[in-house]
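# Notes for the structure review
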Amino acid sequence: MEEGSSYDGTCFCGAVQFIVSGEPVAMGYCHCDSCRHWSAGPVNAFTLWKPDAVRITRGAENISTYNKTARSYRKWCKSCGGHIFTEHPGWGLIDVYAPVIPRLQFTAGLHVNYQETVLPIKDGAPKLKDVPKEMGGSGVAVPE
């Protein structure tokens, strides 16, 4: 993605619309139980952005928040229930779920929480036991 790039995104029904600008800090898959449960899928495709790169353009009043822990503030549309993103205040990042940014070319750079996987993915990308060291994890790699 080029520096000046921007991508439109929406919730499932389109009531909430947003733009992400620039380049994501990272893209990958999370295999943790919380993300799987939240997404109702075997794996969650994430794109991490600095907060100033994410701008709500319509429907901000339609966004609701749930936080199971202080680490993650999960956001969804009150009209359709479509999941949009998760704010991670401790990391200073927002996880915008890859499927809600249809024109962004998603390329997984790593897998996090891979020891919890229920869907092994053999793609050659690094597989971490938890999250990278610089994000407070162990940074320990696990076998593909």
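The structure under discussion appears in the preceding block.
Reading the values: the criteria
Residues numbered from 1 in each chain as written. Predicted model: local features only at pLDDT ≥ 70, side-chain atom pairs only at ≥ 80, totals over all residues. Heavy atoms only, no water. Pairing = 2+ DSSP bridges. Helix = DSSP H or I, 4+ residues; strand = E, 2+ residues; numbered from the N terminus. Axes fitted to C-alpha atoms, helices over the stretch in contact; angles between N-to-C directions. Phe/Tyr/Trp six-rings, centres within 6.5 Å; stacked < 30°, edge-to-face > 60°. Buried < 20%, exposed > 50% of the residue type's maximum accessible area, 1.4 Å probe, protein only. Contact = heavy atoms within 4.5 Å. Salt bridge = Lys/Arg side-chain N within 4 Å of Asp/Glu carboxyl O. Core = buried A, V, L, I, M, F, W, Y, C linked by side-chain atoms within 4.5 Å.

This paragraph deals with the sheet that holds strand E10 (residues 110-112). Reading across from one edge, E6-E7-E8-E9-E4-E3-E10 is the order of the 7 strands in this open sheet, with mixed pairing throughout. Either end of the sheet is taken by a strand with one partner, and the two such strands are strand E6 (63-69) and E10. Direction aside, the axes of adjacent strands within the sheet are offset by 30° on average.

On inspection of all chains with the given rule, the structure shows 2 aromatic pairs. On the numbers, 5.3 Å between centres and 65° between planes, the contact of tyrosine 29 with phenylalanine 106 is edge-to-face. One end of the pair, tyrosine 29, is in strand E3 (residues 26-30); the other, phenylalanine 106, is in the loop between strand E9 (93-97) and E10, with 77 residues separating them in the sequence. Phenylalanine 106 gets classed as partly exposed once you look at its relative accessible area, which sits at 25%. Taking the centre distance of 6.0 Å and the plane angle of 65° together, the rings of tryptophan 38 and tryptophan 76 count as edge-to-face.

What follows deals with the environment of threonine 10. Mapping threonine 10 onto the fold places it in strand E1 (residues 6-10). Ignoring anything within four residues of it in the chain, the contact list for threonine 10 reads Val16, Gln17, Phe18 and Val100.

This paragraph deals with the pattern of salt bridges. Side-chain pairs of opposite charge can arise whenever the charged atoms involved come near each other. Applying the stated criterion across every chain yields a total of 4 salt bridges. Through salt bridges with shared partners, a single ionic network connects Asp123, Lys127 and Glu144.

Let us look at the nonpolar core. Within the largest apolar cluster, 21 residues are counted, with the highest numbers of intra-cluster contacts made by Phe18, Val20, Trp49, Ile84, Val96 and Ile101. Elements that contribute at least two residues to this core include exactly strand E2 (17-21), strand E8 (83-88) and E9. Considering every element that reaches this core, the biggest residue donor is E9, with 3 residues. If sequence neighbours within four positions are ignored, isoleucine 101 has contacts with Tyr7, Asp8, Phe18, Val20, Thr47, Trp49 and Val96. Cys35, Leu48, Leu110 and Leu128 belong to the second-largest nonpolar core, a separate cluster that totals 10 residues.

Right, let's get into the environment of isoleucine 101. By the secondary structure assignment, isoleucine 101 is in the loop between E9 and E10. Measuring from C-alpha to C-alpha, the distance between isoleucine 101 and glutamine 115 comes to 27 Å, with 14 residues separating the pair along the chain.

By secondary structure assignment, the location of arginine 36 is in helix H1 (residues 33-39). Taking the relative accessible area as the measure of exposure, arginine 36 reaches 14% and is therefore buried. Excluding anything up to four places from it in sequence, arginine 36 contacts His31, Gly41, Pro42, Val43, Glu116 and Val118.

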